[in-house]
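Below are the chains, spelled out letter by letter.
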Amino acid sequence: MASLAFTAAPLPSLRSRTAVSKSLLLKPSPRLQAQTRPSPLRTAALGFNKTLSPLIAFPKLADSAACDFAPLRSRGLTVKAAAATTGGGSITPAKQPWQGAAMKPLIASIATGVILWFVPTPAGVTKNAWQLLAIFLATIVGIITQPLPLGAVALLGLGASVLTKTLTFAAAFSAFGDPIPWLISLAFFFARGFIKTGLGNRIAYQFVSLFGSSSLGLGYSLVFSEALLAPAIPSVSARAGGIFLPLVKSLCVACGSNVGDGTEGKLGSWLMLTCFQTSVISSAMFLTAMAANPLSANLTFNTIKKTIGWTDWATAAIVPGIVSLIVVPLLLYLIYPPSVKSSPDAPKLAKERLEKMGPMTKNETIMAGTLFLTVGLWIFGGMIGVDAVTAAILGLSVLLVTGVVTWKECLAESVAWDTLTWFAALIAMAGYLNKYGLISWFSETVVKFVGGLGLGWQPAFGILVLLYFYSHYFFASGAAHIGAMFTAFLSVASALGTPPYFAAMVLSFLSNLMGGLTHYGIGSAPVFYGAGYVPLAQWWGYGFLMSVVNIIIWLGVGGVWWKFIGLW
């Protein structure tokens, strides 16, 4: 038996224009229907099954109707015969690809947790603390290898901690009430407003018209702009997410570098990584450039009874800070270069685009006014009791009420909600590692180990610095790290002969620089990583490399400068 299949060349709509014989459209008589058995024929075009079945059952009728297909052939429609499946066979649907977890990374993550879970608990560590460490490290391995999206991995980690009674439900999800993850998520909503209104493109074109003849020049203009704002905006999350992420993203798009289409390497990958790595440097340069810096100053006073003033901090940090701001973008430019390095015509093209854009639209004006309001509150809100996340919520409220951004668009920002989930999960687990006493046990163990080596204060302090710095892989917050370890490390450094004020300054600076290690170590990390331009493995790899560079600069160049100003 044969079935008819239609192959249509491009032609006008058959439904509206093709002349089909009325004999094809007539229903067969009741007698004809009684004699006709149900046909297994499956036609592939136009839903003609019922119409054509009589033609197959009665060849003469088919012959008489053959002429009726002539108009179809004249319009580019051809009739082909294809073998029909007989014996009641069915067409096997295409196999759907697996949409669950990548099994090898999932097994590696679970194995990490299981192995550590059954390792004997060290003396001085509670069972709960050790079990939480196993779950935390398994989650970190999952976040690195990504068997599932980051938010899903973090949710599995929280689920495991609740299932094993390591954390209560309230404890596991406690960080969803922390302002920092919400501030980061709100930054993505602001970025949506920047892009939607065109204000981001307008500012991006202004930057390109001034500095866009080279990618390196464009990068440096952003780096030093952020550094100038750093002392006035005491939240690196707000600074990076509310101001620079929208701008950098708009610049990337304006230069033809987009996520997901293979053009990330044109400009976006290098620019996002550069802006992130330099944000930790600018945070280290001023007492008011990062929310946790005053905590370092407070703990310094409590430990050694000496005050770190704003001017003292800035004076000590300015030289190594400027050197790092110059070296880090250039080094990344050499080892992780954008494919588009120079574009002499870019400034001219940007000016032409600005002219075509014309004057600012109403929505652009509202977006700009909202930005000024929010930034103003970030700078001066402390005087009236308005914190950074409250200012951001107020700004988003203005955008929602005016329709510049809709709630539906906010819900569609999946990266924002994913980032909120995994960042809050890590903050919760890291926080309870500290509450369960694991971090204090680690600090005491390190102190005993270094103190027992019998070294001079310089090499002993060097070891303490490295241990303090790289233990940040276990923290999702600079404030948490400072609160857990700063006092212990400052105390042992002083006991080993390190000048106390010098040790306090160095640990304070490193408490910012260590944030560049991971995509969760400081408030600006999830913001820039969430843009999607840099793969996670490269983010961690270049993060480690830049950490080495920063340590060399700050302890090398900085050490000479600190000697010159009499810090040690």
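My aim in this report is to walk through the structure given alongside it, one point at a time. (Residues numbered from 1 in each chain as written. Predicted model: local features only at pLDDT ≥ 70, side-chain atom pairs only at ≥ 80, totals over all residues. Heavy atoms only, no water.)

Going through the model one piece at a time under the given rule, you end up with four salt bridges. Glu409 is paired through a salt bridge with Lys196; the nearest N and O atoms lie 3.1 Å apart. You can see Glu409 sitting in helix α20 (residues 407-412) and its partner Lys196 sitting in helix α10 (residues 179-197), a full 213 residues away along the chain. The class for Glu409 is partly exposed, based on a relative accessible area of 24%. A relative accessible area of 37% means that Lys196 is categorised as partly exposed. Across the pair Glu226 and Arg239 runs a salt bridge, and its minimum N-O distance is 2.6 Å. Taken together, the positions of Glu226 in helix α12 (residues 215-229) and Arg239 in helix α13 (residues 236-254) put the pair 13 residues apart, joining distant regions of the chain. An identical accessibility class is assigned to Glu226 and Arg239; each is buried. (Salt bridge = Lys/Arg side-chain N within 4 Å of Asp/Glu carboxyl O. Helix = DSSP H or I, 4+ residues; strand = E, 2+ residues; numbered from the N terminus. Buried < 20%, exposed > 50% of the residue type's maximum accessible area, 1.4 Å probe, protein only.)

At a closest axis distance of 10 Å, the pairing of helix α15 (residues 293-304) and helix α24 (residues 478-495) adopts a crossing angle of 35°. Judged by the sense of rotation from one axis to the other, the crossing of α15 with α24 is right-handed. Here Leu295, Ser296, Leu299, Thr300, Thr303 and Ile304 of α15 come into contact with α24, specifically with Ala479, Ile482, Gly483, Phe486, Thr487, Leu490, Ser491 and Ser494. When its residues are assigned to classes, the contact of α15 with α24 shows seven nonpolar, seven polar and no charged. (Axes fitted to C-alpha atoms, helices over the stretch in contact; angles between N-to-C directions. Left-handed = near helix turned anticlockwise from the far one by under 90°. Contact = heavy atoms within 4.5 Å. Nonpolar A, V, L, I, M, F, W, Y, C, P; charged D, E, K, R; others polar.)

This paragraph deals with the nonpolar core. Most often, soluble globular proteins keep nonpolar side chains buried together rather than apart. Residues Leu222, Trp378, Leu426, Phe528 and Trp554 are the most contacted members of the largest nonpolar core, which totals 160 residues. Counting residues per element, this core draws most heavily on helix α21 (residues 414-435), which supplies 12 residues. Beyond its immediate sequence surroundings of up to four residues, Trp554 is in contact with Ile281, Ala284, Met285, Ala317, Pro320, Gly321, Ser324, Phe509, Leu513, Gly559 and Trp562. (Core = buried A, V, L, I, M, F, W, Y, C linked by side-chain atoms within 4.5 Å.)

Turning our eyes to something else, we now look at the side chain of Arg202. Within the element layout of this structure, Arg202 appears in helix α11 (residues 199-211). For Arg202, a relative accessible area of 11% translates into the label buried. A polar atom in the side chain of Arg202 sits 2.9 Å from the backbone oxygen of Gly358. Apart from the residues within four sequence positions on either side, Arg202 is in contact with Leu354, Met357, Gly358, Pro359, Met360 and Glu364. (Polar contact = N/O pair within 3.5 Å; in protein donor to acceptor, adjacent residues only side chain to side chain.)

The full count for this structure, using the stated rule, is two cavities of 30 Å³ or more. Volume-wise, the largest cavity comes out at about 50 Å³. Around the largest cavity, the lining residues are Leu222, Val223, Glu226, Ala240, Phe244, Cys275, Thr278, Ser279 and Phe528. Elements with a contribution of two residues or more to the lining of the largest cavity: α12, α13 and α14 (268-285). Looking at the lining of the largest cavity residue by residue, the class counts come to six nonpolar, two polar and one charged. (1 Å grid on protein atoms, 1.4 Å probe; cavity = no way out; pocket = protein on both sides within 12 Å on 5 of 7 lines; lining within 4 Å. Points joined across faces, edges and corners; volume = space filled by probe spheres on them.)

Moving on: helix α22 (residues 438-451). The end-to-end C-alpha distance of α22 is 20 Å, a good match for the 20 Å that 14 residues give at a rise of 1.5 Å each. Within the sequence span of α22, burial applies to Leu438, Ile439, Ser443, Val446 and Val450. Each buried residue of α22 sits inside an arc of 135° when the element is viewed along its axis, so together they form one side. Tucked into the core, α22 has its buried residues touching α7 (127-145), α21, α23 (457-470) and α24. (Expected span 1.5 Å × (residues − 1). Arc of directions from axis to C-beta.)

Remark: the centre distance and the inter-plane angle together describe each pair of aromatic rings, the angle taken between the planes. Applying the stated rule across the entire model yields 27 aromatic pairs. When the centroid spacing of 4.7 Å and the interplanar angle of 40° are considered together, the rings of Tyr336 and Tyr542 count as tilted. With Tyr336 in the loop between α16 (310-335) and α17 (346-357) and Tyr542 in helix α27 (residues 536-564), this pair connects stretches of sequence that are 206 residues apart. The pair formed by Tyr336 and Tyr542 is uniform in burial state, with each residue classed as buried. Of the aromatic side chains, those joined through ring pairs into one cluster are Trp313, Trp457, Phe461, Phe502, Phe509, Trp554, Trp562 and Trp568. The ring of Phe301 carries Lys305 above its face, with NZ or CZ at 5.7 Å from the centroid. Positioned above the aromatic ring of Trp568 is the side chain of Lys563, whose terminal nitrogen or guanidinium carbon lies 4.5 Å from the ring centre. (Phe/Tyr/Trp six-rings, centres within 6.5 Å; stacked < 30°, edge-to-face > 60°. Lys NZ or Arg CZ within 6 Å of the ring centre and 35° of its normal.)

This part covers the environment of Pro329. In this structure, Pro329 sits in helix α16. Along the primary structure Pro329 and Leu216 are separated by 113 residues, whereas in three dimensions their C-alpha atoms are 7.8 Å apart. Once you skip the residues sitting within four places of it in the chain, Pro329 turns out to touch Leu216, Tyr220, Val223, Trp270, Thr274, Thr278 and Ser324.

Below, the discussion takes up the packing of α11 against α13. Here α11 crosses α13 at 75°, and the two axes come no closer than 8 Å. With respect to α13, the axis of α11 lies roughly perpendicular. Residues Gly200, Asn201, Ile203, Ala204, Tyr205, Phe207 and Val208 of α11 form the contact with α13, whose own contacting residues are Leu247, Ser250, Leu251 and Ala254. Its residues assigned to classes, the contact of α11 with α13 shows eight nonpolar, three polar and no charged. (Parallel < 35°, antiparallel > 145°, perpendicular 65-115°, else oblique.)

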